[in-house]
Amino acid sequence: MPAWAEDPTTIHLRIAGGFGGVTQYERYEAPFWISEVPRLTGGRVQAEIAPFDRSGIHGSDMLGLMRLGVVSFGTVSLAVAASDEPELAAMDLPALNPDIATLSQSRDLLRPRLEATLRYRYNVQLLAVYTYPAQVLFCRDPFTSLADLAGRRIRVSSVGQGEMVEALGAAAVVIPFAQIPDALKRHTVECAITGSLSGNALGLQAVTSTMSRQAVGWGVSLFGANLSAWNGLPPEVRTQIQQGLGTLETAIWQAAERETEEGFLCNAGSPRCKQGKPGGMVVLDDTPQDQRRRAHPLRNVVLPKWIERCGEECVTVWNRYMAAARGITAAAQ
């Protein structure tokens, strides 16, 4: 709950932020709470923030802690929370959002449902939806389309990614992020799915030849508050923070788009590369052929497997919010 200082006009908030050490936290979340919130509220609110993964909190526990009020304000990875609440994976299913415009549409379509789910199941007020940059495919040997991936071993980081990869005829291999370069060098895998710029920071441009622009997934997270803690704030403070969070959300999405593109520029060795190390990779554009091929695993594997984990209610959710936009109707398994 918000802590009231000896000066009753000052409110102190403690925030559990996103993953530490990444752009979203370092350049956006932390400065917002430390500097921008006091400015927006005329000094009435002072906040401290720490990354949840450096605060002794397991990501899978975050929603439960927020429901209990142990964590009043927190950032929650939807993919991590989906291990206990599979419906939360709907916004960022593998192969669903090949670019950020499509992801933005998925966010807007599903946001009302996400807000209702958090409020009624977890006593949490949804305040913002964030995204990390795109997760894309790097391969050691050249490829020209998704059809070329059959038979290759591909590093994945989630069950859903593995299901999509296997639907394309490839073999999914779970490997920690830091071990990807060695796995490629040792031929443990032929390809890897990771961020376009984070892969560059890892040195993948030196051990792979080709990458694709089409996003396998993104890494969407929500920012919310325990409902009692949120309602305990003065109405004008809630308005000021909510307006600030709207601006912050926009800035984070714009940064994710820029960072994704920066990864492509650097890996290809473009002179416009500023943040990474120039490589000499071939960067494949999305094609109508791959768009059709990508629809197959989404329709026939990824979506049915998600519904299998999620239950019949998710059939209703998908068909109400997403079916018309994606041209895919879900059926009970």
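This report concerns the structure included in the present document. (Residues numbered from 1 in each chain as written. Predicted model: local features only at pLDDT ≥ 70, side-chain atom pairs only at ≥ 80, totals over all residues. Heavy atoms only, no water.)

A look at unusual backbone geometry
Point 1. With a phi angle near 75 degrees, Ala95 is a residue other than glycine that sits in the positive phi range.
Point 2. Position of Ala95 relative to the elements: it lies in the loop between α3 (78–81) and α4 (100–122).
Point 3. One non-glycine residue, His187, lies in positive phi territory at about 65 degrees.
Point 4. Locating His187 in the fold gives a position in the loop between α6 (180–185) and β9 (191–195). (Helix = DSSP H or I, 4+ residues; strand = E, 2+ residues; numbered from the N terminus.)

Observations concerning the pattern of salt bridges
Point 1. Taken as a whole, this structure holds 16 salt bridges when the rule is applied.
Point 2. Residue Glu313 pairs with Arg121 through a salt bridge whose shortest N-O separation is 3.1 Å. With a gap of 192 residues between them, Glu313 in helix α11 (residues 312–321) and Arg121 in helix α4 connect regions that are remote in the sequence.
Point 3. A residue is classified by how much of its surface remains accessible, and Glu313, at 43% relative accessible area, is partly exposed.
Point 4. On the accessibility criterion, Arg121 (28% relative accessible area) is partly exposed. (Salt bridge = Lys/Arg side-chain N within 4 Å of Asp/Glu carboxyl O. Buried < 20%, exposed > 50% of the residue type's maximum accessible area, 1.4 Å probe, protein only.)

Concerning the packing of aromatic side chains
Point 1. Applying the stated rule across the entire model yields six aromatic pairs.
Point 2. Aromatic pair Trp33 and Phe223: ring centres 5.4 Å apart, planes at 45 degrees, arrangement tilted. In this pair, Trp33 sits in helix α1 (residues 23–40) while Phe223 sits in strand β11 (residues 220–226), placing the two residues 190 residues apart along the sequence.
Point 3. Of the residues examined, Trp33 reaches a relative accessible area of 0% and is grouped as buried.
Point 4. By the ring-pair criterion, three or more aromatic residues cluster together here, those being Phe32, Trp33, Tyr130 and Phe223.
Point 5. Across the ring face of Trp253, the terminal group of Arg107 is positioned such that the distance to the ring centre comes to 4.2 Å. (Phe/Tyr/Trp six-rings, centres within 6.5 Å; stacked < 30°, edge-to-face > 60°. Lys NZ or Arg CZ within 6 Å of the ring centre and 35° of its normal.)

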